Amino acid sequence: SSGRHGGHPRCAYFSSFFYAMLRNAKDGYSHENVKRWGRRKNLGACDRIFFPINVSNSHWCLAVVFPKEKCIKYFDSLGGRNSNCLNLLERYMQD
């Protein structure tokens, strides 16, 4: 099975508040702050997981996790790269 539901990819969506809470800690990462957010979602069965990212309250980007491919992509219309964001999301998916 391709993991698709009715021919469409299985997707999960988080609010922009998720990422803000994930990185809101002394060391810049808090799984404790967000551990309940994905509890009702079978993230491993998803084809794509969408995370909107607010950058400095002035710009929006999008991070998309592809769990089956073990890949995270970051989309920024201004061409920015956010390795910290990718690292935090990778750590979240592993926790």
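The structure reproduced in this document is the subject of the present report. (Residues numbered from 1 in each chain as written. Predicted model: local features only at pLDDT ≥ 70, side-chain atom pairs only at ≥ 80, totals over all residues. Heavy atoms only, no water.)

### Points about the nonpolar core
Point 1. Counting 21 residues, the largest nonpolar core has Phe18, Leu22, Ile49, Phe51, Ile53 and Tyr92 as the members making the most contacts within it.
Point 2. Elements supplying a minimum of two residues to this core: helix H1 (16-22), strand S2 (48-55), strand S3 (59-66) and helix H3 (83-94).
Point 3. Apart from residues no more than four positions distant in its own chain, isoleucine 49 is found in contact with Ala12, Phe14, Leu43, Ala63, Val64, Val65, Pro67 and Met93. (Core = buried A, V, L, I, M, F, W, Y, C linked by side-chain atoms within 4.5 Å. Buried < 20%, exposed > 50% of the residue type's maximum accessible area, 1.4 Å probe, protein only. Helix = DSSP H or I, 4+ residues; strand = E, 2+ residues; numbered from the N terminus. Contact = heavy atoms within 4.5 Å.)

### Observations concerning the sheet that holds strand S4 (residues 71-75)
Point 1. Spatially, S1-S2-S3-S4 is the arrangement adopted by the four strands of the open sheet, whose pairing is mixed. A single partner strand is all that each edge strand has here, and the edge strands are strand S1 (11-13) and S4. On average, each strand axis in the sheet is tilted by 20° relative to the strand beside it, whichever way the strands run.
Point 2. In this sheet, S2 lies alongside S1 in parallel orientation, the contact comprising three bridges. When the sheet's bridge partners are listed, cysteine 11 is paired in S2 with arginine 48. (Pairing = 2+ DSSP bridges. Axes fitted to C-alpha atoms, helices over the stretch in contact; angles between N-to-C directions.)

### Observations concerning H3
Point 1. The end-to-end C-alpha separation of H3 is 16 Å, in line with the 16 Å expected for twelve residues at 1.5 Å each.
Point 2. Residues of H3 that are buried include every one of Cys85, Leu88, Leu89 and Tyr92, and no others. All buried residues of H3 fall inside an arc of 95° around its axis, so they share one side. Turned more than 90 degrees from where H3 packs its buried face, Ser83 and Gln94 sit exposed.
Point 3. Of the surrounding secondary structure, the elements contacted by the buried residues of H3 are H1, helix H2 (31-34), S2, S3 and S4. (Expected span 1.5 Å × (residues − 1). Arc of directions from axis to C-beta.)

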